[in-house]
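Each chain, written out:
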Amino acid sequence: MFCRYFCFFSWCLLLPTQRCSLGHVSDLHSSDTTSLPGFENLTMGYNKYLRPYFGGEPVQIAMSLDIASISSISESDMDYTATIYLRQRWTDPRLVFHGNKSFTLDARLVELLWVPDTYIVESKRSFLHDVTVGNRLIRLFSNGTILYALRITTTVACNMDLSKYPMDTQTCRLQLESWGYDENDVIFIWLRGNDSVHGIEKLRLSQYTVERYYTLVSKSQQETGSYPRLILQFELRRNVLYFILETYVPSTLLVMLSWVSFWITLDSVPARTCIGVTTVLSMTTLMIGSRSSLSKTNCFIKAIDVYLGICFSFIFGALVEYAVAHYSSSQKCAAGAPQEGPANELTKEMEEVNITNMLNSSIASYKRKISLTSIEISSNTVNCGDFTMKTHEKIKCVLRNKMHRIIGYFTIQNPSNVDHYSKLLFPLFFMVVNVFYWAYYLYF
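Everything quoted here is computed from the prediction, not taken from an experiment.

**Things to note about the pattern of salt bridges**
- Scanning the entire structure with this criterion turns up 16 salt bridges.
- Residue Lys124 is joined to Asp79 by a salt bridge in which the shortest nitrogen-to-oxygen separation is 3.1 Å. With a gap of 45 residues between them, Lys124 in strand β5 (residues 123-128) and Asp79 in strand β2 (residues 79-91) connect regions that are remote in the sequence.
- Accessibility expressed as a relative area gives 41% for Lys124, which makes it partly exposed.
- Here Asp79 falls in the buried class, since its relative accessible area comes to 6%.
- Between Arg272 and Asp419 there is a salt bridge; the shortest N-O distance is 2.7 Å. Note that Arg272 is positioned in helix α5 (residues 269-292) and Asp419 in helix α9 (residues 416-443), a separation of 147 residues in sequence.
- Among the charged side chains, a network of salt bridges with common partners joins Glu75, Asp168 and Arg238.

See below:
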């Protein structure tokens, strides 16, 4: 019973206090004729559920932004987190009062006023700061203009093209749109064009530099109507120096380290094998480390992946080069012993080929003579089985001879020349590939 009386008594005290704070301040300060009429309008004929100029022309909302910070830019999640000061201005003729003063009201009075239903497009997470109180500002001017300011931290999606990572430039947007009021009810404009945005040119980011920014006014066509939208678009260029020191320089040094094996003799099998295997494993570790930092973007073939793939190919090529040179050297040593049997067989085959060629040429001339004298020879009277058989043998020998020649072309006569040419060709090709790589990703 006591609790019921206490609640009723408190309600009775609170109700007139609230009305006094809004509309009946004039009873307390009747001498102040400048500010009192405006406050009376808050309770006399004011309806916060109806926009200004309800049923008439749309309300014009002028906006400005201060970018306090961009705390993080995530390539894996493709978003950025920013803290902004959003300021909205509009005119409500129901709040006009005499005089030329402006009044800053308690932020809790926003619950009693009509405010635009602005929201951040593509926002994943957002919150309004409330330490020590809600970071909101309400300022009322004598002509009915209202300034409504908020401090917001939001995480906004940003579609990124990482094909040129880490030499990429990303374009991100911060879009403000009306949620329920279409363009027949409200109009969004920037207060001073590009000058409506402040603070973004002073940002210092860890991996990016703000190249430029500009503001746009657009419309969003939805199923329920056309809604006004304001866009802040800014370009972020990644600082590539960190990646040069972290990835490009170590991978290049590993490629140059693999070339050291060209100056080691072919007989030093452990030394050359150790250099080749070590550089391959080190390069593999470097590639895995670079991809683990962007585990969710592995579907992209990035510029850094291309360079690491090039370096890995040259390192693996140096290891294969030693395998080829060592195998050729072993084959040359094994071929140093005399092999008379195969040589005699090859000589006999060559003689048979010559005899067969002479026989075929005589047969061809004989057939030409017969055709000239118009003598028809039946296939039943002449048996060419022997000739056909010898022709197949001839083709077989010719193909075998051609195969020996082709193999001879690819046979390395002097295995030491492999290292000699590799000392020149590997660095030359690597420099050419680097020129094309950096020219493409920096200027195209």
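Having seen the model, we can carry on.
**Observations concerning the nonpolar core**
- Of all hydrophobic cores here, the largest spans 72 residues; its most connected members are Ile70 and Tyr80.
- If one sorts the elements of this core by residue count, helix α6 (residues 303-334) sits on top with 9 residues.
- When sequence neighbours within four positions are dropped, the list of residues in contact with Tyr80 reads Ile70, Ser72, Ile73, Thr154, Thr155, Val156, Ala157, Cys158, Cys172, Arg173, Leu174 and Phe234.

**Concerning the state of the cysteines**
- Following the criterion strictly, the structure yields 1 disulfide and no others.
- Sulfur-sulfur distance for the disulfide between Cys158 and Cys172 comes to 2.0 Å. With the S-S dihedral at roughly -85°, the linkage between Cys158 and Cys172 falls on the left-handed side. Here the residue Cys158 occupies a position in the loop between β7 (145-157) and β8 (169-178), and Cys172 occupies one in strand β8, the gap between them amounting to 14 residues.

Rules used in this analysis
Along each chain, the written sequence defines residue order, and numbers are assigned to residues from 1. Whole-chain, interface and lining totals are the exception, using all residues; otherwise, since this is a predicted model, local features are given only for residues with pLDDT of at least 70 and side-chain atom pairs are given and counted only at 80 or more. Calculated side-chain values reflect all of the structure's heavy atoms, with hydrogen atoms and water omitted. Only one rule defines a salt bridge in this text: a Lys or Arg side-chain nitrogen within 4 Å of an Asp or Glu carboxyl oxygen. Helix and strand assignments come from DSSP, with helices taken as H or I runs of at least 4 residues and strands as E runs of at least 2, each series counted from the N terminus. The buried label applies to any residue whose accessible area, calculated with a 1.4 Å probe on protein chains only, is under 20% of its type's maximum; exposed applies above 50%, and partly exposed to all values in between. We call a set of buried Ala, Val, Leu, Ile, Met, Phe, Trp, Tyr and Cys residues a nonpolar core when their side-chain atoms join them within 4.5 Å. Pairs of residues are marked as contacts when any of their non-hydrogen atoms sit within 4.5 Å. When the sulfur atoms of two cysteines come within 2.5 Å, that pair is taken as a disulfide.

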